Amino acid sequence: MRILFVFFILLIANSSLAHDYVPKEIDYEGIDLGSPMDIPLILSGNFCEMRSNHWHTGLDIKTNGGEGYKLRSVEEGYISRIKVSPWGYGLAIYVDHPNGLTSVYAHISKWPKKVDSLVYAKQLKNESWVLDENVLADSVYVKRGELIAYSGNTGGSLAPHLHFEIRETETEHVLNPLKFKCYRDMIQDKTKPTLSGVKVYAVDRNGYMIPGRSKYYKCALLNGNWIINENNPIDVSDLMTENGFLAFGFHTTDKLDGARNVCGVHHTYLYQEDNLIHEQISEYMIFSVNRFINSHKDYFEFKQNRRNIHKNYITPVNEMPMYPVHNGLVPWDRVKGNYRFTAVDVHGNKNTITFKIGDARGELKPNPFDNGDDYYFPDSVNVVLYPNFQLLMEKGSFYEPLQKRYRVDSNSRYLTPKHVFSEYSIPVQKYFDVRMKVPDSIQGIADYKLGIGLYTNKGYLSFLGGDYIDGWVEAKSRNFGEFVMVMDTVSPLIKKLDYAENKTITKYRTLELNINDNLSGVTRYKAYINGNWVLMKYMKKKRKYVIPLDERSKIHLKKGKNKIRVWARDRTGNESEDITTVVY
Ligand SMILES: [Zn+2]
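Residues numbered from 1 in each chain as written. Predicted model: local features only at pLDDT ≥ 70, side-chain atom pairs only at ≥ 80, totals over all residues. Heavy atoms only, no water.

1. A short note on the packing of aromatic side chains
The criterion, for reference: A pair of Phe, Tyr and Trp rings is counted when the ring centres sit within 6.5 Å of each other, with Trp represented by its six-membered ring. The angle between the planes then sorts it: under 30 degrees is stacked, over 60 is edge-to-face, the rest tilted. Any Lys NZ or Arg CZ found within 6 Å of a ring centre and within 35 degrees of that ring's normal is scored as a charge over the ring.
Under the criterion given, the structure shown has 28 aromatic pairs. Three or more aromatic residues joined by ring pairs make a cluster, and in this case those are F248, F250, Y339, F341 and F355. Here the guanidinium or amino end of R435 rests over the ring plane of W472, the centre of that ring lying 5.1 Å away. The ring of Y120 has R552 lying over it, and the distance from NZ or CZ to the ring centre is 4.0 Å.

Following this line, the structure appears as structure tokens:
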């Protein structure tokens, strides 16, 4: 396995980071799609709004704070995919249309009969409530406008709404629904994007931010025009850095008529005099590159001041397809001049700010990245070797040069001290390998139950898994922070909430339970009535497991005594079961 580790380094060293901008040929003006809902479409979120670690890939449509609104297929087609999960999209349905587009409806509460039968057949086959199935082969046809689901608040949704997407069926690239004239016409908007601030940065030749060398200016209105710095030229002499450039970031958001929610800006451009030096368009998104939002935005500024700043330049660790022009790095001897930044929404509402940069004079300050010893750089492979703790990070694993920070903290209640590498809040693009040496005292004892835990910024331990290899435990992580080695030998704890041995359940509509695991977490669970599998849902928001007693489960109940069996397994393979006799 150690040989594999080295081979892996060779393999990844040559992976390319560049991504070319490829505009799509979609008939946005001509394609006619229907509304997914019967009520007026008011948005609480739009396409390419900034979220944590991703751009929002659809429209969030308000449902008057309630659930159960009818969702309709926007065009005829075949149901292509069904998802059921306590996380993310929750319950979701995908419909493939003959025009090459797929519509997606998420956070659903329930299905109409026709879809419900399809979903349940898959759940029964898999003996699992959780589902992610391609169902094209089942050929379930739906008409345009046909009821396909009811709106809800499932998965990662924080309030009832419909998350609605349009994708290109073939590539699964997500398109901006509001690029389609049919949807633009359904959603009124005369509100201009907001301009809040401009940030000027010293960056190195790759566009990496020089720590501590940036300045933020709040936008202000002067006689109806947006300005900064009271319209005086900004002196950037104090930012001048050897082997560096001046670059810009803009704090801009969009708002839509009739909603207070902060949305994303569709299109921005930046001119230096008459030269377009940066342009960004959120026309479509590719899931595999969506996480590069962490490179697009200034995450330091977001962490400190909650400002969503769009950097108007790119670094080697940004493969997003949204920059037709991206040479936003200005040499120090050419910074002087007039600049103009414009933000435009899909309806064509726009706002512009003009500002001046003065002559940059004086001494160039040393560039901290020129002496490479203090940092790990994102555009190289990084192998971190400490005694008992090792990391292997591919090229492009993180976004900005990472200061070398590592310490061992012996204040730990687990098997090893805490190995503290960088910090949890620094975003990471790719999973990296983390390895920890198994302490001599436990070598050879239940190695397969060992894993690596990482403290989250909320203070709880998240279990990363672990493979025992030659005296070490290896796992994948997409966060830095405090790592410890753990051993999970304890089975999940099943606790019945509303039923018990010999209880009469004739009038019950559900059987409810808690299933908790101390360390690695519950990954699989099943319920049986008299040996027959029955559906058991995990209601994440209520933190409980629920077996509905409906027509499907009740056919397995007989008069008198019945056996209810619940089984659960955690991520390290510890299992538990509960068998309870109830009276019906
Ligand atoms: Zn959404």
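After presenting the structure, the write-up continues.
2. Things to note about the confidence of the model for the chain
Heads up, the condition is: One number per residue, pLDDT, summarises how confident the predictor is, and it ranges from 0 to 100. Two residues qualify as a contact provided that any one of their heavy atoms is within 4.5 Å of a heavy atom in the partner residue.
Averaged over the chain, the pLDDT score is 93; the fraction of residues at 70 or greater is 96%. Ignoring residues within four places in sequence, the model shows residues 1–19, a span with pLDDT below 50, making 28 contacts including any to other chains.

3. Some details on the sheet that holds strand β22 (residues 309–311)
Note the threshold: Two strands pair if DSSP finds at least two bridges between them. Helix and strand assignments follow DSSP, with helices taken as H or I runs no shorter than four residues and strands as E runs no shorter than two, numbered in order from the N terminus. Note on definitions: angles span 0 to 180 degrees between N-to-C directions of axes, and those axes are lines fitted to C-alpha atoms, for helices only across the stretch in contact.
Taken in spatial order, the four strands of this open sheet run β15-β14-β18-β22, and their pairing is antiparallel. The sheet terminates laterally at β15 (209–218) and β22, the two strands that pair on one side only. Pairs of neighbouring strands in the sheet enclose a mean axial angle of 25°, with direction left out of account. In this structure, strand β14 (residues 194–204) lies alongside β15, joined through six bridges in antiparallel fashion. Note that in β15 the partner of V198 across the bridge is Y217.

4. Structural notes on the coordination of the zinc ion
Quick reminder of the rule: Metal coordination here is assigned from N, O and S atoms located within 2.8 Å of the ion, or within 3.2 Å for Na, K and Ca; omission of water means that sites may look incomplete. For every residue, the accessible area obtained with a 1.4 Å probe (protein chains only) is divided by the maximum for its type, and the residue is called buried under 20%, exposed over 50%, and partly exposed between those limits.
Taken together, H56 (NE2), D60 (OD) and H163 (ND1) make up the full set of protein donors to the zinc ion, lying 2.0 to 2.1 Å away. Taken in sequence order, the residues that donate to the zinc ion follow the motif H-x3-D-x102-H. Placement of the pair is D60 in strand β4 (residues 59–62) and H163 in strand β12 (residues 161–168), with a sequence separation of 103 residues. In this pair, the class of D60 matches that of H163, namely buried.

5. Describing a nonpolar patch on the surface
Short version of the rule: Any residue with relative accessible area above 30% and no salt bridge may belong to a patch, with like charges joined within 9 Å and the nonpolar Val, Leu, Ile, Met, Phe, Trp and Tyr side chains within 5 Å. What sets the accessible areas is the Shrake-Rupley method with a 1.4 Å probe; for residues, cover comes only from the shown protein chains. Here a salt bridge means any side-chain nitrogen of Lys or Arg lying within 4 Å of a carboxyl oxygen belonging to Asp or Glu.
A contiguous nonpolar patch, built from Y78, L136 and Y141 and spanning about 270 Å² of accessible area, is present on the exposed surface. With respect to the helices, strands and loops of the structure, Y141 is situated in strand β10 (residues 141–142). With relative accessibility at 35%, the residue Y141 sits in the partly exposed group.

6. Quick word on the environment of A259
With respect to the secondary-structure elements, A259 resides in the loop between β18 (244–253) and β19 (267–272). Once the C-alpha coordinates of A259 and Y141 are considered, the two residues, 118 residues apart in sequence, prove to be 35 Å apart.

7. Overview of the domain arrangement of the chain
We count it as follows: Throughout, the edges of the domains are those of an automatic or database domain assignment. Each of two parts loses accessible area, computed with a 1.4 Å probe, when they are put together; buried area is these two losses added. Contacts described as polar in this section are N or O atom pairs within 3.5 Å, which, within protein, must combine one atom able to donate a hydrogen with one able to accept it, while residues neighboring in sequence count only if both atoms come from side chains.
If you check the domain split of the chain, you get domain 1 (43–186), domain 2 (194–357), domain 3 (372–487) and domain 4 (493–583). Distance between the C-alpha centres of domain 1 and domain 4: 29 Å. With 17 residues of domain 1 at the interface, the matching set in domain 4 holds 12 residues. With both chains or domains summed, domain 1 and domain 4 bury close to 1,200 Å², and 56% of this area falls on carbon and sulfur atoms. When residues of domain 1 are sorted by the area they lose upon contact with domain 4, Y120, E127 and W129 head the list and together hold 55% of the total. Residue R552 pairs with D116 through a salt bridge whose shortest N-O separation is 3.1 Å. For the pair domain 1 and domain 4, the number of links is nine residue pairs in polar contact (both at pLDDT 80 or more).

8. What about unusual backbone geometry?
Across the chain, the bulk of peptide bonds are trans and the bulk of non-glycine residues have phi less than zero. Phi is positive for N231, which is not a glycine, with a value near 70°. As for its position among the elements, N231 is in the loop between β17 (225–227) and β18. In this structure N231 comes out as partly exposed when scored by relative accessible area, which is 29%. Located in the positive-phi region is N530, a residue other than glycine, with phi close to 50°. Along the chain, the position of N530 falls in the loop between β40 (522–529) and β41 (532–534). Take N530: its relative accessible area is 27%, and that puts it in the partly exposed class.

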